[in-house]
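Residue-level structural notes
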Amino acid sequence: KACARVPPSRRVRTSSRCLDVMPAWVIDKYGSNDVLRFTRNASFPSITYPNEVVVKVFAAGLNPLDVSMRGGYGAATLSMKRDPLSITVSGGEFPLILGRDVSGVIMECGLEVKYFQERDEVWAAIPPWKQGSLAEFVVLSANEISWKPKSLSHTEAAAIPYVATTAWSALVNTGGLRKENCGNKRILILGGSGGVGTFAIQLLKAWGAHVTVTCSQNAEQFVRGLGADHAVDYTDGPVEVSLSALEKFDLILDNVGGDTERWALGLLKPWSGSKYVTLVTPFMQNTDRLGVADGMMQTAATVASKALKHLLKGVHYRWGFFAPSGPALDEVRDLVEKGQIRAVVEETFSFSQVPQAFEKLEKGHARGKTVVQVS
Ligand code: NDP
């Protein structure tokens, strides 16, 4: 019966049964770019829970996480999330499909899906424990999807969801910011020219905050064009010296990590509820290195001791994480439709050029997003 759903050209008949298949880029082991493999015979994703939908992928956005996951980053944590009882043997995640952003059209809805229907155009950020969007079809929960902004093409729409839901989670859920309380706030974004930074600048400006960003000298015009009030070149001497000459900040979003947290918290207004939120955390490395249980304990101990140390100095220290959210994307869609947020697509690739898209991503120095046109 399942075979009736896909065109006959996509059916593969084995000796005993009929399988639904689709084109996809998969990896069968972790490694460098040569592990990426194109196949016409990837398993067609099926609805397992009644709140799920099958989306036909038109465009897939890539993120630094895709390069990291190709190399095995997060394998222990994500395997546990995929298979909490560890029933499957090691390597059960393969063939793995990468790609965390999708813009496409709903092909099929589970029985309990209420707000969406077949042929709706949707966008979504796909949780890293699910099969990704470098494929003709992907399955998502209804609470992870949102109607795509009509004003954006699928290619543009695929540039937004993962960075938007990450920035939303860090700024709103962790940082406590929202439209109503941003007007008088000074925000510093460390690393303003990449995917998360270019989205965060626009969101915060739409909400009326004063936004300072750090970036390379050659990205200053670019970030100002997105609305940044002030850009500080981090390549021109110690950036913390230039930043400490400025008025102190209410919130810092750190997209850079490394040694930034040694000095960044000193740039916050003390004893005023100010927060430092970093997206660059050792959480996955800890669980990959120590195993899930010990890694989580190590993580909790690290974050608690850092939070306490900084609390005694009157500032809040937090870790931010991506969180899939259809409702957050609904709010982002309204800002896009009002012209307050635009997609920042740096480069697009065809579906046959996925390895080249990964090579581009790996070179770093992003100025917005890399998008693959799937169909
Ligand atoms: P991108 O690769 O898109 O952008 C990074 C940007 O930072 C580039 O524009 C780069 O340009 C710039 N940059 C590099 N070094 C510095 C520096 N020292 N100071 C200022 N800018 C710098 O990454 P994303 O925006 O997608 O992600 C940012 C970080 O957040 C990544 O480390 C990512 O892994 C992490 N992240 C974490 C998530 C979580 O759940 N915790 C979710 C999403 C992202 P140039 O080198 O030319 O200056």
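Residues numbered from 1 in each chain as written. Predicted model: local features only at pLDDT ≥ 70, side-chain atom pairs only at ≥ 80, totals over all residues. Heavy atoms only, no water.

**Brief notes about the site of the ligand**
Around the ligand, a shell composed of 21 residues is seen, among which Ser193, Ser216, Tyr234, His365 and Ala366 lie nearest. A distance of 2.7 Å is found between an oxygen atom of the ligand and a side-chain nitrogen or oxygen belonging to Ser193. Separating an oxygen atom of the ligand from a side-chain N or O atom of His365 is a distance of 2.7 Å. Here the ligand has 920 Å² of accessible area as a free molecule, and 78% of this is covered by the chains. (Near = heavy atom within 4 Å. Polar contact = N/O pair within 3.5 Å; in protein donor to acceptor, adjacent residues only side chain to side chain. Areas by Shrake-Rupley, 256 points an atom, 1.4 Å probe, with all protein chains shown as cover.)

**Concerning the nonpolar core**
Buried together is how nonpolar side chains tend to be arranged in soluble globular proteins. Leu134 and Val372 are the most contacted members of the largest nonpolar core, which totals 50 residues. Counting residues per element, this core draws most heavily on strand β4 (residues 52–62), at 6 residues. Core analysis: the second largest hydrophobic core is formed by 47 residues, Ala164, Leu177, Leu329 and Ile341 among them. (Core = buried A, V, L, I, M, F, W, Y, C linked by side-chain atoms within 4.5 Å. Buried < 20%, exposed > 50% of the residue type's maximum accessible area, 1.4 Å probe, protein only. Helix = DSSP H or I, 4+ residues; strand = E, 2+ residues; numbered from the N terminus.)

**Things to note about the sheet that holds strand β11 (residues 230–233)**
Spatially, the 6 strands line up as an open sheet ordered β11-β10-β9-β12-β13-β14, and their pairing is parallel. Edge positions in the sheet fall to β11 and β14 (316–319), since each of these pairs with one other strand and no more. Put simply, the sheet's adjacent strands are angled 15° from each other on average, direction ignored. In this sheet, β11 lies alongside strand β10 (residues 210–215) in parallel orientation, the contact comprising 4 bridges. Note on β11: the bridge partner recorded for Thr212 is His230. (Pairing = 2+ DSSP bridges. Axes fitted to C-alpha atoms, helices over the stretch in contact; angles between N-to-C directions.)

**Observations concerning the packing of helix α4 (residues 161–174) against helix α5 (residues 195–206)**
Where α4 contacts α5, the two axes come as close as 9 Å, and the packing angle between them is 60°. Judged by the angle between their axes, α4 and α5 are oblique. The way α4 lies across α5 gives a crossing that is right-handed. Facing α4, whose interface residues are Val163, Ala164, Thr166, Ala167, Trp168 and Leu171, α5 presents Gly195, Val196, Phe199, Ala200, Leu203 and Leu204. Classifying every residue of the contact of α4 with α5 by side-chain character gives 10 nonpolar, 2 polar and no charged. (Parallel < 35°, antiparallel > 145°, perpendicular 65-115°, else oblique. Left-handed = near helix turned anticlockwise from the far one by under 90°. Contact = heavy atoms within 4.5 Å. Nonpolar A, V, L, I, M, F, W, Y, C, P; charged D, E, K, R; others polar.)

**A look at the layout of surface pockets**
Quantified by volume, the second largest pocket comes out at close to 1,000 Å³. As for the second largest pocket, its lining consists of 37 residues, and the residues nearest its centre are Arg82, Gly92, Trp129, Lys130 and Gln131. For the lining of the second largest pocket, the secondary structure elements donating two or more residues are β2 (18–27), β3 (36–43), α2 (75–82) and β7 (137–141). For the lining of the second largest pocket, the residue count by class is 19 nonpolar, 12 polar and 6 charged. (1 Å grid on protein atoms, 1.4 Å probe; cavity = no way out; pocket = protein on both sides within 12 Å on 5 of 7 lines; lining within 4 Å. Points joined across faces, edges and corners; volume = space filled by probe spheres on them.)

**Here we look at the pattern of salt bridges**
Scanning the model with the defined rule gives 13 salt bridges in all. Here Lys369 and Asp101 are joined by a salt bridge, their closest N and O atoms 3.9 Å apart. Here Lys369, found in strand β16 (residues 369–373), pairs with Asp101, found in strand β5 (residues 101–109); they are 268 residues apart in sequence, far enough to count as distant. Between Arg262 and Asp259 there is a salt bridge; the shortest N-O distance is 2.9 Å. (Salt bridge = Lys/Arg side-chain N within 4 Å of Asp/Glu carboxyl O.)

**A few points about the environment of Cys182**
Mapped onto the elements of the fold, Cys182 is located in the loop between α4 and β9 (186–190). A sequence separation of 74 residues divides Cys182 from Glu108, and the C-alpha atoms of the two residues are 40 Å apart.

**Notes on α2**
Taken residue by residue, α2 has Ala75, Thr77 and Leu78 as its buried positions. What you see down the axis of α2 is that its buried residues fit within an arc of 165°, all on one side. (Arc of directions from axis to C-beta.)

**So, empty space enclosed by the protein**
A full pass over the atoms with the stated rule returns 2 cavities of 30 Å³ or more. Every residue along the wall of the largest cavity is listed here: Ala159, Ile160, Val163, Gly195, Thr198, Phe199, Gln202, Arg342, Ala343, Val344 and Lys369. Ranked by residue count, the leading element in the lining of the largest cavity is α5, at 4 residues. Of the residues contributing to the lining of the largest cavity, the split by class is 6 nonpolar, 3 polar and 2 charged. For the second largest cavity, the calculated volume is near 30 Å³. For the second largest cavity, the full set of lining residues is Tyr30, Met69, Tyr73, Ala75, Leu78, Arg82 and Leu96. Considering every element that reaches the lining of the second largest cavity, the biggest residue donor is α2, with 3 residues. The residue inventory of the lining of the second largest cavity, partitioned by class, reads 6 nonpolar, no polar and 1 charged.

**Some thoughts on the packing of α4 against helix α11 (residues 326–337)**
Two elements in contact, α4 and α11, have axes whose closest approach is 10 Å; the angle formed by their N-to-C orientations is 105°. Taken together, the axes of α4 and α11 lie roughly perpendicular to each other. Contacts between α4 and α11 pair Pro161, Ala164, Thr165 and Trp168 from the former with Ala328, Leu329, Glu331 and Val332 from the latter. Here the contact of α4 with α11 is built from residues that sort into 6 nonpolar, 1 polar and 1 charged.

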